[in-house]
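Take a look at the letters that make up each chain.
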Amino acid sequence: MLYAIIATDVENSLQQRLQARPAHLERLKALAQQGRLVLAGPHPPVEAEDPGEAGFSGSLIVAEFDSLDSARAWAEADPYVEAGVYADVVVKPFKKVLP
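Residues numbered from 1 in each chain as written. Predicted model: local features only at pLDDT ≥ 70, side-chain atom pairs only at ≥ 80, totals over all residues. Heavy atoms only, no water.

Asker: Outline the nonpolar core, supporting the account with residue identities and numerical values.
Answerer: What tends to happen in soluble globular proteins is that the nonpolar side chains get buried as a cluster. Listed in full, the 11 residues of the largest apolar core are Y3, I5, L28, L31, I61, A63, F65, A71, W74, A75 and V91. Within the residue set of this core, elements represented by two or more residues are β1 (2-9), α1 (14-33), β3 (58-64) and α2 (68-76). Looking at this core element by element, the count peaks at 3 residues for α2. Once you skip the residues sitting within four places of it in the chain, A63 turns out to touch M1, L2, Y3, L31, R36, L37 and V38. If you look at the next biggest cluster of nonpolar residues, it comprises 5 residues, including A20, Y80, V85 and Y86. (Core = buried A, V, L, I, M, F, W, Y, C linked by side-chain atoms within 4.5 Å. Buried < 20%, exposed > 50% of the residue type's maximum accessible area, 1.4 Å probe, protein only. Helix = DSSP H or I, 4+ residues; strand = E, 2+ residues; numbered from the N terminus. Contact = heavy atoms within 4.5 Å.)

See the structure below:
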């Protein structure tokens, strides 16, 4: 089943994000290689492809996991969690309708 991982950043998270980003991307690439990643990306706080120093306000990941518990465990082990980037992470089932 698919699950949405919706994370909200702490204030001024840009430096922590930049430091933990390589490890965060490696985990996402592993999901993609397994054919389990639907989409992933950050939420810019402003309408811009590159928000610069404004950083990001959170992230969204939609991926396939065996259960809600396994999706939560994967989300809790994210390098952004360890680096203190995220203030809050919500994991819930997701039903893809389109496309």
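Asker: Go over the sheet that holds β1 with me, naming the residues and quoting the values.
Answerer: Here we have 4 strands laid out as an open sheet, ordered β2-β3-β1-β4, and antiparallel in their pairing. In this open sheet, the two edge strands, each paired with only one partner strand, are β2 (37-43) and β4 (86-94). Neighbour-to-neighbour, the strand axes of this sheet turn through a mean angle of 10°, independent of strand direction. Bridge analysis of β1 against β3 gives 7 bridges, and the strand direction is antiparallel. Each residue of the ladder has a partner; that of I6, found in β3, is L60. In this fold α2 packs onto β1, β3 and β4, with an angle of close to 155° to the strand it touches most, β4. (Pairing = 2+ DSSP bridges. Axes fitted to C-alpha atoms, helices over the stretch in contact; angles between N-to-C directions.)

Asker: A description of the environment of D78 should follow, citing residues and the corresponding values.
Answerer: Looking at the element boundaries, D78 is found in the loop between α2 and α3 (79-82). D78 sits 32 residues away from V46 along the chain, and the two C-alpha atoms are 25 Å apart. Residues contacting D78, with those up to four places away along its chain left out, are H24 and R27. From its side chain, D78 meets the backbone nitrogen of Y80 in a polar contact 2.7 Å long. (Polar contact = N/O pair within 3.5 Å; in protein donor to acceptor, adjacent residues only side chain to side chain.)

Asker: Describe the side chain of R17, listing the residues and the values that go with them.
Answerer: By the element assignment, R17 lies in helix α1. Separated by 3.1 Å, the side chain of R17 and the backbone oxygen of G58 make a polar contact. For R17, the residues in contact, after removing those within four places along its chain, are D9, P42, F56, G58, S59, Y80, V85 and Y86.

Read these as spatial facts, not as claims about activity.
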